[in-house]
Amino acid sequence: MTDAMHAVLIVEDDQAIQKILTLLFEAAGFRVIVAETAARGELDARLYKPDVIVVDLGLPDRDGIMVIAAIRAWSAVPIIVLTARTAESQRLSAFDQGADDYVVKPFNGPELVARARATLRRHVRGSLPMGILNLGDVSIDLGKRIAHHRDGHEVHFTPIEHRILETLARYGDRIVTHAVIIKEVWGPNRADARSLRVYIASLRRKLESDPCRPQHILTELGVGYRLVMDGNRQ
Ligand code: CA
């Protein structure tokens with residue numbers, strides 16, 4: 001046993017899935033706590049302070065989205081949504097309430113555990129300090145707002161483009177919804193998703209070796225964007 005045995009809280013009312021998840025996470029070295037209702041889940045989150053939480057959205061007493069919102073009010077613990085709901089609006093509200101990842105049933109067990117580990121690692125590593133952001137051949141000094149290509153020439157970003165990069169970087173490699181980016185870059189009601197798309201396209205032309213197949217600013221369809229950074233272990 002290592003000193004880093006992590007606890008996972010599973011908020012799920014389906015007993016078959018409870019069993020599968022318990023086996024999977026125990027095999028991966030986690031301590032497992034199972035809650036069958038939203039109320040129990042919120043309570044257990046406070047009681048056991050798990051390192052990661054898996055939340056089903058269809059719970060008997062309350063919507064799982066409410067569980068996410070309630071836990072987010074006091075904790076930054078990584079939360080993964082596990083649900084049969086695939087509607088875009090559902091994914092959006094889960095992310096808006098602070099979910100870190102979203103897995104659709106039927107799910108692939110090892111992949112779910114891998115995602116739990118990934119959210120844990122990101123959480124432990126913490127948010128990116130306002131330092132150097134490396135995206136492919138371009139290195140961006142977020143504090144000074146200066147960027148250079150590997151070959152030495154300066155890459156010019158507009159102030160809005162810098163703010164978009166800062167916002168995405170602050171979330172590490174988590175998904176950031178359109179609404180969050182727009183609010184943080186322009187303030188409320190100042191821009192729409194379409195103008196955001198124009199800026200993202202411009203950023204990709206400057207950053208990506210193939211802007212049509214972006215490797216660094218990824219689109220999460222209908223939800224938002226996610227940054228894939230190099231050397232973010234520094
Ligand atoms: Ca359910």
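Computed from a prediction, not measured in an experiment: that's the story for all the values here.

In terms of residue burial, strand S1 (residues 7–11) counts as a mostly covered element, since five of its five residues are buried. Neither face of S1 is exposed, since Ala-7, Leu-9 and Val-11 on one face and Val-8 and Ile-10 on the opposite face are all buried. As paired elements, S1 and strand S2 (residues 31–35) share five bridges and run parallel to each other. Bridging across to S2, Val-8 finds its partner in Val-32. In the classification by handedness, the crossover that spans S1, the intervening helix H1 (residues 15–27) and the parallel S2 is right-handed.

Taken N-terminus to C-terminus, the directions of helix H7 (residues 178–186) and helix H8 (residues 193–207) make an angle of 80°; their axes are 10 Å apart at the nearest point. With respect to each other, H7 and H8 are oriented roughly perpendicular. Here His-178, Ile-181, Ile-182 and Trp-186 of H7 lie close against H8, whose contacting residues are Ala-193, Leu-196 and Tyr-199. The residue inventory of the contact of H7 with H8, partitioned by class, reads six nonpolar, one polar and no charged.

For the structure shown, the criterion picks out two aromatic pairs. Pairing Phe-25 with Phe-30 gives two aromatic rings, centres 5.1 Å apart and planes at 85°, and the pair type is edge-to-face. For Phe-30, a relative accessible area of 4% gives the class buried. Between Phe-95 and Tyr-102, the aromatic rings sit 6.2 Å apart at their centres with planes inclined by 35°, giving tilted as the arrangement. Note on accessibility: Phe-95 and Tyr-102 belong to one class, buried. Above the plane of the ring of Tyr-102 lies Arg-91, whose end atom (NZ or CZ) is 5.6 Å from the centre.

The strand order across the open sheet formed by three strands is S10-S12-S11, and the pairing between neighbours is antiparallel. With one partner strand each, in any of the chains shown, strand S10 (175–177) and strand S11 (217–220) form the two edges of the open sheet. With strand direction ignored, the average angle separating the axes of adjacent strands in the sheet is 30°. Pairing between S10 and strand S12 (residues 224–227): three bridges, direction antiparallel. Residue Thr-177 lies in a different strand from S12, and its bridge partner there is Gly-224. Contacts from H8 reach S11 and S12, with the element oriented near 145° to S11.

Every protein donor of the calcium ion is listed here as Asp-13 (OD), Asp-56 (OD) and Gly-58 (O), and their distances to the metal cover 2.2 to 2.4 Å. Mapped onto the polypeptide sequence, the residues donating to the calcium ion form the spacing pattern D-x42-D-x1-G. Within this pair, whereas Asp-13 is found in the loop between S1 and H1, its partner Asp-56 is found in strand S3 (residues 52–56), the two being separated by 43 residues in sequence.

Turning next to the nonpolar core. Ile-140, Phe-157, Ile-164, Leu-207 and Ile-217 are the most contacted members of the largest nonpolar core, which totals 26 residues. For this core, the secondary-structure elements that each account for two or more residues are strand S6 (132–135), strand S7 (138–141), helix H6 (159–170), H7, H8 and S12. Counting residues per element, this core draws most heavily on H6, which supplies five residues. Dropping the residues within four chain positions of it, Ile-164 is found in contact with Ile-181, Val-185, Trp-186, Leu-196, Tyr-199, Ile-200 and Leu-203. The next biggest cluster of nonpolar side chains, apart from the first, holds 24 residues, and it includes Ile-33, Leu-59, Ile-65 and Ala-94.

In this section: the sheet that holds strand S8 (residues 146–149). Across the sheet, which stays open at both edges, the four strands sit in the order S6-S7-S8-S9 with antiparallel pairing between neighbours. The open sheet terminates on both sides in strands that have one partner only, identified here as S6 and strand S9 (154–155). Inspection of the sheet shows S7 paired to S8 by four bridges, in the antiparallel sense. Counted as the bridge partner of Asp-141 is Ile-146 from S8. Contacting S6, S7 and S8, H6 crosses the sheet at an angle of about 95° to S6.

Procedures and definitions
- Residues numbered from 1 in each chain as written.
- Predicted model: local features only at pLDDT ≥ 70, side-chain atom pairs only at ≥ 80, totals over all residues.
- Heavy atoms only, no water.
- Buried < 20%, exposed > 50% of the residue type's maximum accessible area, 1.4 Å probe, protein only.
- Helix = DSSP H or I, 4+ residues; strand = E, 2+ residues; numbered from the N terminus.
- Pairing = 2+ DSSP bridges.
- Right-handed = clockwise from strand over helix to strand, strands pointing away.
- Axes fitted to C-alpha atoms, helices over the stretch in contact; angles between N-to-C directions.
- Parallel < 35°, antiparallel > 145°, perpendicular 65-115°, else oblique.
- Contact = heavy atoms within 4.5 Å.
- Nonpolar A, V, L, I, M, F, W, Y, C, P; charged D, E, K, R; others polar.
- Phe/Tyr/Trp six-rings, centres within 6.5 Å; stacked < 30°, edge-to-face > 60°.
- Lys NZ or Arg CZ within 6 Å of the ring centre and 35° of its normal.
- Donors = N, O, S within 2.8 Å, 3.2 Å for Na, K, Ca; no water.
- Core = buried A, V, L, I, M, F, W, Y, C linked by side-chain atoms within 4.5 Å.

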